[in-house]
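Spelled out from the first residue to the last, the chains are:
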Amino acid sequence: MPLTLATWNINSVRLRAPLVERLLREHAPDILCLQECKSPVDKMPLAQFAEMGWTHAVARGQKGYNGVAILSRHPIEDAGHIDWCGRGDARHVAARLACGAVIHNLYIPAGGDVPDPEVNDKFAHKLAFLEELRAWGRDSAPARSILVGDLNIAPRPDDVWDHRALLKVVSHTPVEVDALGAAQEAGGWVDVTRADIPEGPLYSWWSYRARDWAASDRGRRLDHIWASGDLAAAACDSRILRDVRGWAQPSDHAPVMARFDL
DNA sequence: ATGGTGGTAAAACCA
C-alpha cells in the first residue's frame, strides 16, 4: 500500500487553515503532520479538514504556543504522546495506522539565540530534549515507525546556505548537530529525505526577515522525515515543496513530503 | 555588528 506523508510547520493552524486546505487539495498526502499550530485542540479547524476527506486526526494543543496535529485519510488505530522534559508542552503526538506503521510528529524546541546552555535556558531545554530523544530511541528500538517534524536543526553543511557563517548560530552548532546525530543513531533512524536526495543544498525554512527570501535563498533544512531501519527501503519520492513558501501569507516553513510503499 | 518580520494576544514572548 502506498502511503504519502507530509510534514509542515504551519505557524498558526487557525490563521493558515486556507493554506492547509490548498496543500491537501493540490498534494493530497494521506498523512499531514503539522507543528506550531498555536491553538488549543478544540479550536483547531479539524472539522473543515475532515470535510475534505482527512476524517481522522489526533492533536495536542496549547494556547499561543507549540501544538501538533496528525491529519489522516486512513483510520488511526491508536494514539499517544510523550511529555518530553516533563513540561506538559504540546510538542509530540503519535498515531498508529491499521497497517501497523507508527507516525511520530515532533516539534523540537528552537533553542533561543545564544548557543550556551549555561546562560540560555531555551538552549539547555533543546539539548535536554535531544538527550531524551536519544534515550528513547535507545530504549524503545523503534520499528515500523516514521518520525517527522520540525526538528529545528539543520544537520549537514549543505542543509544551510552558509555552513561557516552558521556554525555559531542556533540550529547548526556542532553541539546540536552531534546531539541530533546521536539521537538518530540510537533509534536506528534513516534520514529519508537525504537518502533520496543525497547531494546539494536542500532547505525547508527561510526567515521572514529576508527582503526577498527566494532571491537571497538563505535557507536551512529544519524539517525532517526519518524512518526506522526496517522501513527505510520503503521510502521514495522525497521532495520539499519550496513553492509553498511563496504562497500568500505563508508559513516560514515549506512542507516536506515522502512516499512509503508499505 | 545590527536589525530585519511574523503570530499570539493584548504587553511581552516566542520563533
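Cut-offs and rules
- Residues numbered from 1 in each chain as written.
- Chains lettered and ligands numbered in written order.
- Predicted model: local features only at pLDDT ≥ 70, side-chain atom pairs only at ≥ 80, totals over all residues.
- Heavy atoms only, no water.
- UniProt positions renumbered as here; feature names shortened; annotations may be inferred.
- Buried < 20%, exposed > 50% of the residue type's maximum accessible area, 1.4 Å probe, protein only.
- Helix = DSSP H or I, 4+ residues; strand = E, 2+ residues; numbered from the N terminus.
- Pairing = 2+ DSSP bridges.
- Right-handed = clockwise from strand over helix to strand, strands pointing away.
- Near = heavy atom within 4 Å.
- Polar contact = N/O pair within 3.5 Å; in protein donor to acceptor, adjacent residues only side chain to side chain.
- Nonpolar A, V, L, I, M, F, W, Y, C, P; charged D, E, K, R; others polar.
- 1 Å grid on protein atoms, 1.4 Å probe; cavity = no way out; pocket = protein on both sides within 12 Å on 5 of 7 lines; lining within 4 Å.
- Points joined across faces, edges and corners; volume = space filled by probe spheres on them.
- Axes fitted to C-alpha atoms, helices over the stretch in contact; angles between N-to-C directions.
- Contact = heavy atoms within 4.5 Å.

- Chain A has the name Exodeoxyribonuclease III in an unreviewed UniProt entry, where Rhodobaculum claviforme is given as its organism.
- Per its UniProt entry, chain A bears the Sequence similarities (unreviewed entry) comment "Belongs to the DNA repair enzymes AP/ExoA family."

## Things to note about the pairing of strand S2 (residues 31-35)
- For S2, the buried fraction is high: five of the five residues fall into the buried class.
- Residues Ile31, Cys33 and Gln35 point to one face of S2 and Leu32 and Leu34 to the other, with burial holding for every one of them.
- Pairing of strand S1 (residues 2-9) with S2 involves five bridges; the strand directions are parallel. Considered in S2, the bridge of tryptophan 8 is made with leucine 34.
- As for the winding sense of the linkage, the β-α-β connection from S1 through helix H1 (residues 17-27) to S2 is right-handed.

## Description of the protein's contact with DNA strand B
- Taken together, 15 residues form the shell around DNA strand B, and within it Ser12, Leu15, Arg16, Tyr208 and Arg209 come nearest.
- Considering DNA strand B, the proportion of its atoms within 4 Å of the protein that are sugar or phosphate atoms stands at 64%.
- Within the side chain of serine 12, a nitrogen or oxygen atom sits 2.3 Å from a phosphate oxygen of DNA strand B.
- At 3.3 Å from a sugar or linking oxygen of DNA strand B is found a main-chain nitrogen or oxygen belonging to tyrosine 208.
- Considered class by class, the residues forming the surface near DNA strand B number five nonpolar, four polar and six charged.

## Quick look at the layout of surface pockets
- Each pocket or cavity is described by its volume, and for the largest pocket that value is around 1,200 Å³.
- Ala110, Asp113, Trp205, Arg209 and Arg220 are, among the 42 residues lining the largest pocket, the residues nearest its centre.
- Mapped by element, the contributors of at least two residues to the lining of the largest pocket are helix H3 (121-140), strand S10 (205-206) and helix H6 (213-216).
- The dominant element in the lining of the largest pocket, judged by the number of residues it contributes, is H3, at four residues.
- Tallied by class, residues from the lining of the largest pocket come to 14 nonpolar, 12 polar and 16 charged.

## Some details on the UniProt feature "domain: Endonuclease/exonuclease/phosphatase" (unreviewed entry) in chain A
- As annotated in UniProt, the feature "domain: Endonuclease/exonuclease/phosphatase" (unreviewed entry) corresponds to residues 6-253 in the numbering used here.
- Helix makes up 24% of residues 6-253 and strand 25%. Its end C-alpha atoms lie 12 Å apart.

## Quick look at the sheet that holds S1
- What the six strands build is an open sheet, ordered S3-S4-S2-S1-S14-S13; its pairing is mixed. Both edges of this open sheet fall to strand S3 (56-60) and strand S13 (235-240), since each of them pairs with a single strand only. Going across the sheet, the axis of each strand differs from the next one's by a mean of 10 degrees, ignoring polarity.
- Examined bridge by bridge, S13 and strand S14 (residues 256-261) share four bridges and lie antiparallel to one another. Across the sheet, residue cysteine 236 finds its bridge partner in S14, namely arginine 259.
- Set on the sheet, H1 makes contact with S1, S2, strand S4 (68-72), S13 and S14; between it and S2 the angle comes to about 155 degrees.

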